[in-house]
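# A closer look at the structure
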Amino acid sequence: MLGKTVGGATVASIQGVIVFILALCVGFKFYDPFMLPVALLFIFLVSLLFTSLGVAIASMIEDMQGFQLIMNFLVMPIFFLSGALFPLQGLPAVLDVITKIDPLTYGVDGIRGALIGNATFGIGLDILIIVVIGTIFLGAGTYLFERIQA
């Protein structure tokens, strides 16, 4: 399970770096070059978190179509409520609570803080939450993956 998760996270991280390089080509400017390793750390942690979630869910589902349906059902709301496309300020109370439960919110906030210096929650809290939730997903995925191997 760990090999599948780290392999998937590596591929996703490389894809994230490619998008970052394309953003630089079209004029994106980051404020502090020394924070670039922090941004890359966030990219890897978010990749690891969601890859471990995917492996955990895949361990429970036998049908590939069912897996794709569930992942789309989970990934789209998580993405749209993360603040990646629109600012999270001024949301209704219910959506504000949901966005604070969404782990991708902290990944987006950490990358935004590292690259443009505009973190809502603080980079330390962002890393802590991503690592804790990622560890939970990795542990759950390991347990579920071991169950299908027996």
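Attention shifts here to the overall build of the protein chain. Helices and strands together make up the secondary structure of the protein chain, namely six helices and zero strands. Going from the N terminus to the C terminus, the protein chain shows its helices and strands as α-α-α-α-α-α. For the C-alpha atoms alone, the extent of the protein chain along its principal axes is close to 50 × 35 × 25 Å. Considering only residue pairs separated by 6 or more positions, the protein chain has 66% of its internal contacts joining residues 24 or more positions apart.

On to helix α3 (residues 64-80), then. Here α3 contains 17 residues, and its C-alpha end-to-end distance of 24 Å stays within 8% of the 24 Å for a straight helix at 1.5 Å per residue. Along α3, the residues classified as buried are Gly66, Phe67, Met71 and Ile78. Buried residues along α3 cover an arc of 120° about the axis, so they all sit on one side. Turned more than 90 degrees off the buried face of α3, the exposed positions are Gln65, Leu69 and Phe73. Summarising the contacts, the buried residues of α3 are in contact with α2 (36-60) and α5 (103-116).

To continue, consider the nonpolar core. Counting 16 residues, the largest nonpolar core has Val46, Leu49, Phe50, Ile57, Leu104 and Ile130 as the members making the most contacts within it. Residue assignment for this core shows that the elements contributing at least two residues are α2, α3, α5 and α6 (123-149). Broken down by element, the residue count for this core peaks at seven residues, all from α2. Those residues in contact with Leu104 that lie beyond four places of it in its chain are Val46, Phe50, Ile78, Phe79 and Ser82.

With that settled, consider the side chain of Thr105. With respect to the secondary-structure elements, Thr105 resides in helix α5. For Thr105, the side chain forms a polar contact with the main-chain oxygen of Leu81, separated by 3.4 Å. Filtering out sequence-adjacent residues up to four positions away, Thr105 remains in contact with Leu81, Ser82, Leu88, Thr99 and Phe121.

On to a nonpolar patch on the surface, then. Taken together, the side chains of Val75, Met76, Phe79, Phe80, Leu85 and Phe86 make up a nonpolar region of the molecular surface, amounting to roughly 510 Å² of accessible area. Along the chain, the position of Met76 falls in helix α3.

What follows covers the environment of Asp109. The residue Asp109 is located in helix α5 in this model. Sequence separation of Asp109 and Asp32 is 77 residues, and the distance between their C-alpha atoms is 16 Å. Sequence-distant contacts of Asp109, that is, excluding residues within four places in its chain, are made with Asn118, Ala119, Thr120, Phe121, Gly122 and Asp126.

Along the polypeptide, Thr5 turns up in helix α1 (residues 2-25). In terms of polar contacts, Thr5 uses its side chain to reach the backbone carbonyl oxygen of Met1, at 2.8 Å. Discounting residues that sit within four places of it in the chain, Thr5 has contacts with Leu48, Thr51, Ser52, Val55 and Leu138.

Turning our attention to the packing of aromatic side chains. Two descriptors summarise a pair of aromatic rings, namely the distance from one centre to the other and the angle between the planes of the rings. Applying the stated rule across the entire model yields four aromatic pairs. Plain terms: the ring middles of Phe20 and Phe28 are 6.2 Å apart, the flat faces sit at 70° to each other, and that makes the pair edge-to-face. Since its relative accessible area comes to 28%, Phe28 is described here as partly exposed. Ring geometry for Phe79 against Phe80: centres 5.6 Å apart, planes inclined by 55°, an arrangement best described as tilted. Residue Phe80 is classed as partly exposed on the basis of its relative accessible area of 40%.

What counts, and where the lines are drawn
Residues numbered from 1 in each chain as written. Predicted model: local features only at pLDDT ≥ 70, side-chain atom pairs only at ≥ 80, totals over all residues. Heavy atoms only, no water. Helix = DSSP H or I, 4+ residues; strand = E, 2+ residues; numbered from the N terminus. Contact = heavy atoms within 4.5 Å. Expected span 1.5 Å × (residues − 1). Buried < 20%, exposed > 50% of the residue type's maximum accessible area, 1.4 Å probe, protein only. Arc of directions from axis to C-beta. Core = buried A, V, L, I, M, F, W, Y, C linked by side-chain atoms within 4.5 Å. Polar contact = N/O pair within 3.5 Å; in protein donor to acceptor, adjacent residues only side chain to side chain. Patch = residues over 30% accessible without salt bridge, like charges linked within 9 Å, V, L, I, M, F, W, Y side chains within 5 Å. Areas by Shrake-Rupley, 256 points an atom, 1.4 Å probe, with all protein chains shown as cover. Salt bridge = Lys/Arg side-chain N within 4 Å of Asp/Glu carboxyl O. Phe/Tyr/Trp six-rings, centres within 6.5 Å; stacked < 30°, edge-to-face > 60°.

So, to be careful, I would describe these as geometric facts and stop short of saying anything about function.
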